[in-house]
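The primary structure of each chain is shown beneath.
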Amino acid sequence: MDSKSHVCVSVCLESSQLLPFFVSRMVFFVFLLSIVTDCFAKSDLRRLEHILFDDYTNIQRPVVNNSHGVNVSYDMALKQLIEVDVRNEMAKWLLWERAEWTDEFLQWDPSDFNGIDEIRVPPSKIWLPDLVVFNSVFNFERNTQTSIPVYVNYLGLVKFYSPEVRTTSCPIEVGYFPYDTQKCEIVVGSWTYHESQLAITNKRGRIDTGVFMRNGEWDLFKTHARTFRLDYDG
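Residues numbered from 1 in each chain as written. Predicted model: local features only at pLDDT ≥ 70, side-chain atom pairs only at ≥ 80, totals over all residues. Heavy atoms only, no water.

Novice: An account of the overall build of the protein is requested, with residue identities and associated values reported.
Specialist: The helix and strand inventory of the protein stands at two helices and eight strands. Across the protein, helices and strands are ordered from the amino to the carboxyl terminus as α-α-β-β-β-β-β-β-β-β. Split into buried and exposed, the 234 residues of the protein put 31% on the buried side. Counting contacts in the protein only where the partners sit at least 6 residues apart, residues at least 24 apart contribute 73% of the total. By element, 56% of the accessible surface of the protein is carried by carbon and sulfur atoms, the whole surface being about 16000 Å². (Helix = DSSP H or I, 4+ residues; strand = E, 2+ residues; numbered from the N terminus. Buried < 20%, exposed > 50% of the residue type's maximum accessible area, 1.4 Å probe, protein only. Contact = heavy atoms within 4.5 Å. Areas by Shrake-Rupley, 256 points an atom, 1.4 Å probe, with all protein chains shown as cover.)

Novice: I'd love a proper account of the state of the cysteines, names of residues and values included.
Specialist: As used here, a disulfide is simply a covalent bond connecting the sulfur atoms of two cysteines. Taken as a whole and judged by the stated rule, the model has one disulfide. Disulfide pairing places Cys170 opposite Cys184 at an S-S distance of 1.8 Å. Its S-S torsion of approximately -65° makes the covalent link between Cys170 and Cys184 left-handed. Residue Cys170 is located in the loop between strand E6 (157-169) and strand E7 (188-190), and its partner Cys184 is located in the loop between E6 and E7; the two are separated by 14 residues in the primary sequence. Given the relative accessible area of 1%, Cys170 is considered buried. (Disulfide = S-S within 2.5 Å.)

Novice: Please set out the environment of Phe134 residue by residue, giving values where relevant.
Specialist: Turning to its location among the elements, Phe134 is positioned in the loop between strand E4 (131-133) and strand E5 (150-153). A residue is classified by how much of its surface remains accessible, and Phe134, at 33% relative accessible area, is partly exposed. Taking C-alpha positions, Phe134 is 7.7 Å from Ile186, a pair spaced 52 residues apart along the chain.

Novice: Explain the nonpolar core to me, using residue names and the numbers behind them.
Specialist: Ranked by size, the top nonpolar core spans 36 residues in total, and within it Phe53, Trp101, Ile119, Ile126 and Val152 carry the most contacts. Broken down by secondary-structure element, the contributors of at least two residues to this core are helix H2 (19-53), strand E1 (70-85), strand E2 (90-102), strand E3 (118-121), E5 and E6. It is E1 that provides the largest number of residues to this core, a total of seven residues. Apart from residues lying up to four places away in sequence, Trp101 is in contact with Pro62, Val70, Asn71, Val72, Ile126, Trp127, Leu128, Pro129, Gly156, Leu157, Val158 and Phe160. (Core = buried A, V, L, I, M, F, W, Y, C linked by side-chain atoms within 4.5 Å.)

Novice: Describe the sheet that holds strand E8 (residues 198-202), listing the residues and the values that go with them.
Specialist: Strand pairs in the sheet, formed through backbone hydrogen bonds, run parallel or antiparallel to each other. In space, the six strands of this open sheet follow the order E3-E5-E6-E2-E1-E8, with mixed pairing throughout. What marks the edges here is a single partner per strand, and that holds for E3 and E8. Taking each pair of neighbouring strands and ignoring which way they run, the sheet shows an average axis angle of 30°. Where E2 meets E6, 13 bridges bridge the pair, whose relative direction is antiparallel. Following the sheet pairing, Trp96 is matched in E6 by Pro163. (Pairing = 2+ DSSP bridges. Axes fitted to C-alpha atoms, helices over the stretch in contact; angles between N-to-C directions.)

Novice: Describe the confidence of the model for the protein, with residues and values.
Specialist: Summarising the model, the protein shows a mean pLDDT of 80, and 75% of its residues fall at 70 or more. Element-level mean pLDDT values for the protein span from 27 in helix H1 (residues 2-16) up to 97 in E5. Overall, residues 1-40 carries pLDDT values under 50, and its contacts beyond four positions in sequence, including any with other chains, amount to zero contacts. (pLDDT = per-residue confidence, 0-100.)

Novice: Now, about the packing of aromatic side chains: what can you tell me, with residues and values included?
Specialist: For the structure on display, the rule yields four aromatic pairs. Ring geometry for Trp101 against Trp127: centres 5.9 Å apart, planes inclined by 85°, an arrangement best described as edge-to-face. Of the two residues, Trp101 is situated in strand E2 and Trp127 in the loop between E3 and E4; the sequence distance between them amounts to 26 residues. Of the two residues, Trp101 and Trp127, both sit in the buried class. Ring geometry for Trp127 versus Tyr193: centroids 6.3 Å apart, planes at 55°, classification tilted. Remark: Tyr193 occurs in the loop between E7 and E8 and Trp127 occurs in the loop between E3 and E4; sequence separation between them is 66 residues. (Phe/Tyr/Trp six-rings, centres within 6.5 Å; stacked < 30°, edge-to-face > 60°.)

Novice: Describe the side chain of Arg98, and please don't skip the residues or the numbers.
Specialist: Examined against the element boundaries, Arg98 turns out to sit in strand E2. Taking the relative accessible area as the measure of exposure, Arg98 reaches 14% and is therefore buried. Of note is the side chain of Arg98, whose polar atom sits 2.8 Å from the side chain of Asp75. Looking at Arg98, its side chain comes within polar contact range of the side chain of Asp208, at 3.0 Å. Aside from chain neighbours lying at most four places away, what touches Arg98 is Ser73, Tyr74, Asp75, Met76, Ala77, Phe160, Tyr161, Arg204 and Asp208. (Polar contact = N/O pair within 3.5 Å; in protein donor to acceptor, adjacent residues only side chain to side chain.)

Below, the structure written as structure tokens:
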């Protein structure tokens, strides 16, 4: 047993004389390979971004033919009912707004870019639908300054998901207080485009409540979502 152990140790020590040189070459090779691979990946991505955004403008609707409309699929997830202001007839919500559409100027062939089939870009860099909450109490401004990137795939499909805190008007009926049931609406639409330029459809017939946090004072009875058309002059 002792001789076998001694042989083993001697062989290990003998091999170790070449080990540092071998390991250093291997580490250098792996390190160099990773640098080269990373550089190629970055080169493909930068080349793609350059081609997509070199002549891109975020103030133009993303259609090649200007007579065509943009179809926006919209829905929201209700995260929390923060409060209901009965006196001032307002409700404050934490929402996750989700909008999807096709940008015809953000399409490419993945085979030309080493298989890259999706990217993520700052929302300020691309065209966004001017969707606002019409019955918002304080402001109509959409949170386009969010740091959450926008998903874009090679077919031009854009997914913009944004967390928002909204305060909306909510007419309160107090005839059966404190056993009353209230109906609060959140009305979302385009501020400047008419239907032929930007059409909104809701993904589902209700609000997504899968992540809803219960409120200590109010119970969420049910939700409903619908698309309607509003005609106006001007």
